[in-house]
Structure formats: structure tokens, C-alpha cells
Amino acid sequence: MSAMPQLPSDLLLWRARQRSGDPLPWDDLGIRFLEDDDLPALLDTSYLDEDDLADPGIRANVAAMAETNALIVWVAEEEDGAVFGYWAGRDGPPVHHGFADAVVVTLDTEGQYMALPGRNITEALCAHASDFDDDAFVALAARARDLAAETDAATAADLIEADALAALPTRAIEGPGRFRDALFTARRAQEEDHGEGRDPKAAPHAPMPTPSLSELPPDLVRWRERAAAGETAPWDRFGVRFLADGELPEEVARAEAAAAESGSEIDRVGAAATRLTAERATWVVEADDGRALGYWHGSAGTSIGEAGIILLEPSEWFQPVAGRTLTEALCVDFGEYEDETIVPLVQECRALGFEVSGERLEDFPESDTETPRAFRIARKEALRAAAQEKRAAAAAAAAAAAAERERSAPQSTAVVTGELLTVIAALGHGADDAEVQAALALFGPPFERSEFAVDPVTRTYYVGAEKHVDLILEDGIFIAAMIWIRADDDHGAYARPEALIDGVGPDTTREQILDRFGQPAWSNDDADRFWIAADAPGKVFVRFEYGAAGVVKISVTSSAG
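Report on the accompanying structure. Just so it is clear, the model here is predicted, and its values are computed rather than measured.

1. Quick look at the side chain of Asn69
Stage number 1. Relative to the assigned elements, Asn69 resides in helix α3 (residues 56–69).
Stage number 2. The contact partners of Asn69, leaving out residues within four places of it in the chain, are Leu43, Trp74, Leu107 and Tyr113.

As C-alpha cells, then:
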């Protein structure tokens with residue numbers, strides 16, 4: 001690999017301040033900068049044991065993330081939290097371009113990647129650390145400028161251009177999340193081809209069968225009997241209830257309901273992974289605060305007599321609980337892992353005749369089996385990959401159907417003359433081309449220009465000063481225009497409405513449009529769209545929208561590509 005070029009000046013500045021012990025804008029948030037040879041703690045997978053890596057889902061995810069992470073130059077990390085770096089993409093590390101084109105990305109503790117807005121690591125960290133709250137961002141940005149000026153006034157002057165979150169640029173890229181998902185899907189497919197994916201231990205999805213009474217651990221049976229008889233237990237003050245056979249914690253249903261309400265695929269996939277994980281355990285108790293404990297069977301289907309105890313918290317967070325038995329795990333968990341609160345619980349249990357092998361936290365062993373958190377992450381990645389494949393198939397089918405509709409749609413034989421020809425001639429051209437400049441000149445200046453990342457492209461809007469026109473470009477190519485020829489509460493009207501299409505104006509009725517243009521390629525209650533012959537890339541569609549008195553808006557777009 002070639003020598004590392006000069007790193008970004010703001011990164012060098014913050015590293016230098018950190019080495020000198022000078023304050024950083026994000027000190028209160030536990031963010032520290034890494035040196036060249038440092039690797040973030042979050043990337044360490046040494047906690048995975050042989051049982052974890054025997055699961056093809058976990059194995060594929062670890063390999064896919066390792067390959068993805070190798071294309072990121074990691075430069076900062078949060079304490080027990082996310083890590084930050086420059087994303088290279090498929091073309092290799094961004095050092096090839098001196099970091100000029102690198103996008104700052106983050107990886108969180110749930111294994112999710114996200115591209116951050118901003119021109120540099122400083123703007124990106126201010127956006128992230130502010131939790132995308134505008135007031136907090138402005139305060140952090142001001143502090144960053146002040147602290148940077150103490151070290152390097154020249155760098156500080158160009159550190160943060162944005163005065164609000166909305167002003168931060170967001171580049172449209174194929175981010176590391178998609179890259180990792182594609183690698184994961186490919187590796188899982190490869191294992192399926194070799195028969196490894198059919199191992200019932202590797203990818204279980206069926207719920208665990210309910211254990212028989214004879215299989216249940218003795219202390220669980222006794223605690224249930226005491227509860228059924230109305231006798232007291234140390235857990236009464238925590239509002240603990242014993243779950244029925246096969247009953248899942250309320251957190252599972254809550255997560256699914258929240259996902260349904262949000263409509264987010266990320267939430268839906270997370271809730272589905274939570275259910276699949278929860279179904280690999282036998283849940284036995286749940287407290288008023290939503291915590292639930294159960295026996296973890298995992299990928300291997302470990303029997304309840306040998307299973308460790310796990311906890312599900314009200315945030316879809318699974319973790320193992322120390323202790324050899326349910327009684328010990330209850331003492332540890334409700335004792336909040338503190339000796340001064342564990343010891344009284346242990347003593348109460350012993351007074352009731354229950355065996356407890358220790359008194360302090362150090363007396364109770366941690367589970368050394370596959371963790372439910374790793375299991376859930378693998379399930380989540382598999383579900384995300386499956387969802388992406390389904391979306392891709394649906395998108396391909398929709399595109400094929402649209403192409404067939406366009407192929408068979410009637411073409412208008414009416415000739416379009418007027419200023420709209422200038423707009424049609426601009427379709428397919430770049431923003432700096434004479435054709436697009438001529439179209440812009442029809443409606444302005446001035447314009448209000450805005451830019452958005454609409455995955456996987458960048459969409460740019462030029463909105464007329466009177467909001468009488470929207471001119472739309474994708475990745476710098478002119479693709480569509482929407483022109484209001486009759487004013488309404490939200491829009492003004494184009495100054496020369498009758499000149500746009502000769503013979504068409506605000507008083508032209510729908511019947512007159514149909515008489516002139518013939519059968520529409522598409523219609524609804526308020527609009528007709530016609531495929532017209534024109535000297536432009538692909539097919540050109542002209543759409544008329546109607547109000548009570550006649551035509552309100554005329555739009556033009558091309559189906560090129």
C-alpha cells in the first residue's frame with residue numbers, strides 16, 4: 001500500500017490537542033481520537049467462541065463486517081459506544097484521494113452503519129454528538145471553532161461552514177451498511193450451496209418446545225408453588241410474576257407494536273429478530289419494570305437443566321445473567337450486581353430453604369455459552385438481507401411492469417409548440433449545459449436551490465421565487481419540471497401561462513385537453529398524462545392537472561434510462 005498522505009487538517013488538530021491534554025468539544029460525551037495504529041474496541045470479536053462461530057449467520061456477519069471495516073479508516077470512538085471513520089467504498093481506502101472525497105461514517109453497538117452529514121470529521125461529530133438537535137449542534141459548533149482557534153487559527157477559520165443542521169451537506173453514497181449486507185447475503189448463499197446452511201443447529205427459527213414438569217429445575221418449581229399458594233418471596237417488592245408455559249415477555253409484543261406504528265423496516269426487522277431470539281429461551285419471570293428472565297437454549301437447543309439464565313430488558317436488549325440457578329440469577333439481577341444488595345437477597349432465599357452457592361457477585365460464574373445478543377444480531381442481519389432481496393425483486397417486477405405499460409401506452413399525435421419545447425429540450429442535459437440554462441432562464445432567477453440525498457442519487461430542486469415552478473435534477477442531470485399556470489394558496493403562477501403550450505391556458509378544460517391530445521397514457525380523477533413525440537432522450541411525458549376552472553399545473557418528464 002502506498003504511503004499515507006496528509007490526513008485532514010481538522011483531524012490532526014484534534015489529535016494534537018488530545019495528546020497535549022487540551023479540551024476537545026466532545027470531552028463530556030466520551031469521544032476520543034485514535035492514533036494511526038489504534039483499532040476501536042468495538043471491532044474486537046474475540047468474545048465470540050467456537051459455538052458462536054459454528055452458527056453460519058454469525059460467521060457470515062463477522063466476515064462481512066471485517067471486510068467492510070477494512071475499507072474504513074477509523075479515527076474516533078465513543079466510550080462504550082459508536083466508532084467513527086472515513087468510508088472508502090468499493091474503490092479502496094480514501095488515502096488514494098488524500099481523504100478529499102471520503103465520507104464520515106459511524107458504526108454503533110448494534111452493528112448498524114450510518115453515513116453522517118458534514119464536510120469533515122468535525123462537522124460530522126458535532127451532528128452526531130448533538131443527537132441531531134439544532135440548538136445543541138450550534139452550541140457544539142461554536143465550541144469547536146473556539147477551541148480550534150486556540151491551536152490553529154487558520155484551520156479554525158474553515159472548520160465548520162454550516163450554521164444549522166439543515167445546512168450540512170449529505171452525500172448520496174452506497175454506504176458501508178449496504179456493502180456489508182451484500183457481502184453477508186453472498187456468504188450465506190455460498191454456505192447454503194455447500195449444504196452448511198441446512199444444519200439445524202446453525203439457523204434455528206422454530207420456538208423451543210415447552211419443557212415437561214419433570215424437566216424443570218427444582219428451584220423454579222418451588223418458587224412457582226410458593227407464588228401459587230400466595231406465599232412471600234424476596235422478589236415481591238420488584239413486582240415479579242411467574243410467566244405461563246410458553247409465554248414470551250411483554251417486551252416482544254411491545255417491540256412489534258412499536259415497529260408497526262413507526263412503519264420503519266429497521267424497527268420491523270429488529271422486532272422480528274427479538275422474537276426469534278426470545279423464542280430460543282424458556283421465560284419464567286417478569287418484573288413490573290419490564291425485565292424478564294429465562295433459560296437460554298440458544299442455537300444448540302441446550303436443555304433447560306443445563307441452560308444459563310438470560311435477561312431481556314425493555315429496550316430489546318438481551319444479556320446473560322451470572323449464577324448457576326434461577327435463584328442465584330434473581331439475586332444477582334435484582335441485586336443490581338452490587339454486593340450490598342445481593343447479600344440480603346441471598347440470606348432471604350436461604351431462610352426460605354433455597355440453596356444458594358455464594359453470597360457476593362464474585363461467587364457467581366458468568367455464562368460462557370453463546371450470547372443471546374450475538375444470536376439476535378445474526379438473526380437481524382439475516383432478516384435485513386432477506387428483506388433487501390425481497391425489495392429488489394419487487395422493484396425489478398415493478399420496473400418491468402412500468403416498462404410494459406410505457407411500451408403499450410398510446411402516443412399522442414398532437415404537436416406541442418410553445419415555451420415548453422425549451423424545457424423538453426433540456427431533459428437529459430447537465431446543469432451547466434446551454435439547454436438547461438435556457439430552461440432556467442424561462443422561470444428565473446431567482447431560485448431557491450436545495451439538495452437532498454435520495455438513495456442512491458442526489459436530487460437537486462430549483463424552486464422559483466414565486467413557487468411557480470420546480471425544476472428537478474438527479475446527479476446533476478435535468479429530469480423533470482412542474483409548472484403552475486394558475487395560482488393557489490401555496491404557489492404563484494407562471495408569468496406567461498398561455499405561452500407555455502400554444503392553445504393551452506388556465507381556462508382550458510379537461511375535455512379540450514383530451515380532444516387535442518387523445519387517449520392518455522395514464523389518468524386519475526384530477527390529472528392526465530400523455531406520451532408525446534419529442535426530440536429528447538427516451539419518452540417524454542406531459543401531464544396536466546386540473547382544478548374546477550381548468551388546467552392548474554403542467555409537468556414534463558422523461559423516461560430515459
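2. Remarks on the packing of helix α9 (residues 250–262) against helix α10 (residues 265–278)
Stage number 1. Here α9 crosses α10 at 165°, and the two axes come no closer than 8 Å. Relative to α10, the element α9 lies roughly antiparallel. For the element pair α9 and α10, the recorded crossing hand is left-handed. Here Val252, Ala255, Glu256, Ala259 and Ser262 of α9 lie close against α10, whose contacting residues are Asp267, Arg268, Ala271, Thr274, Arg275 and Ala278.
Stage number 2. Across the contact of α9 with α10, the residue classes break down as five nonpolar, two polar and four charged.

3. Concerning the packing of aromatic side chains
Stage number 1. As enumerated under the stated definition, the model contains 14 aromatic pairs in all.
Stage number 2. Ring geometry for Phe530 and Phe544: centres 6.0 Å apart, planes at 70°, overall edge-to-face. Of this pair, Phe530 sits in strand β17 (residues 527–532) while Phe544 sits in strand β18 (residues 540–546), and the two are 14 residues apart along the sequence.
Stage number 3. The cationic tip of Arg222 hangs over the ring face of Phe354; the distance from NZ or CZ to the ring centre is 4.0 Å.
Stage number 4. One residue, Arg529, lies across the ring of Phe541, its end atom 4.2 Å from the ring centre.

4. Details of a negative patch on the surface
Stage number 1. A cluster of acidic residues, Asp131, Asp133, Asp134, Asp135 and Asp163, forms a negative patch on the protein surface.
Stage number 2. Within the secondary structure, Asp163 is located in the loop between α6 (153–157) and α7 (176–193).

5. Regarding unusual backbone geometry
Stage number 1. A cis amide bond, omega 0°, links Gly444 with the succeeding residue Pro445.
Stage number 2. Note that Pro445 resides in the loop between α15 (434–443) and β12 (447–454).
Stage number 3. Pro445 connects to Pro446 through a cis peptide bond whose omega is 0°.
Stage number 4. Inspection of the secondary structure puts Pro446 in the loop between α15 and β12.
Stage number 5. A positive phi angle is found at Tyr337, which is not glycine, with a value near 60°.
Stage number 6. Structurally, the position occupied by Tyr337 is in the loop between α11 (326–334) and α12 (339–351).
Stage number 7. Taking the relative accessible area as the measure of exposure, Tyr337 reaches 26% and is therefore partly exposed.
Stage number 8. Phi at Lys467 takes a positive value of approximately 55°, unusual for a residue other than glycine.
Stage number 9. Residue position: Lys467 is located in the loop between β13 (457–464) and β14 (469–474).
Stage number 10. For Lys467, a relative accessible area of 45% translates into the label partly exposed.

6. Some remarks on the sheet that holds strand β9 (residues 308–313)
Stage number 1. Strand order in the open sheet formed by five strands is β6-β7-β8-β9-β10, with antiparallel pairing between adjacent strands. One side of each edge strand has no neighbouring strand; the edge strands of this open sheet are β6 (241–242) and β10 (317–321).
Stage number 2. When strand β7 (residues 281–286) meets strand β8 (residues 292–296), the two strands line up antiparallel, connected through five bridges. Across the sheet, the residue bridging to Trp283 is Gly294, located in β8.
Stage number 3. Where α9 meets the sheet, its contacts fall on β6, β7 and β9, and the angle it forms with β9 comes to roughly 40°.
Stage number 4. Those strands touched by α11 are β7, β8, β9 and β10, and its axis lies near 140° from that of β8.

About the thresholds
Residues numbered from 1 in each chain as written. Predicted model: local features only at pLDDT ≥ 70, side-chain atom pairs only at ≥ 80, totals over all residues. Heavy atoms only, no water. Helix = DSSP H or I, 4+ residues; strand = E, 2+ residues; numbered from the N terminus. Contact = heavy atoms within 4.5 Å. Axes fitted to C-alpha atoms, helices over the stretch in contact; angles between N-to-C directions. Parallel < 35°, antiparallel > 145°, perpendicular 65-115°, else oblique. Left-handed = near helix turned anticlockwise from the far one by under 90°. Nonpolar A, V, L, I, M, F, W, Y, C, P; charged D, E, K, R; others polar. Phe/Tyr/Trp six-rings, centres within 6.5 Å; stacked < 30°, edge-to-face > 60°. Lys NZ or Arg CZ within 6 Å of the ring centre and 35° of its normal. Patch = residues over 30% accessible without salt bridge, like charges linked within 9 Å, V, L, I, M, F, W, Y side chains within 5 Å. Areas by Shrake-Rupley, 256 points an atom, 1.4 Å probe, with all protein chains shown as cover. Salt bridge = Lys/Arg side-chain N within 4 Å of Asp/Glu carboxyl O. Lys, Arg positive; Asp, Glu negative; His and termini not counted. Charge placed at Lys NZ, Arg CZ, Asp CG, Glu CD. Buried < 20%, exposed > 50% of the residue type's maximum accessible area, 1.4 Å probe, protein only. Pairing = 2+ DSSP bridges.

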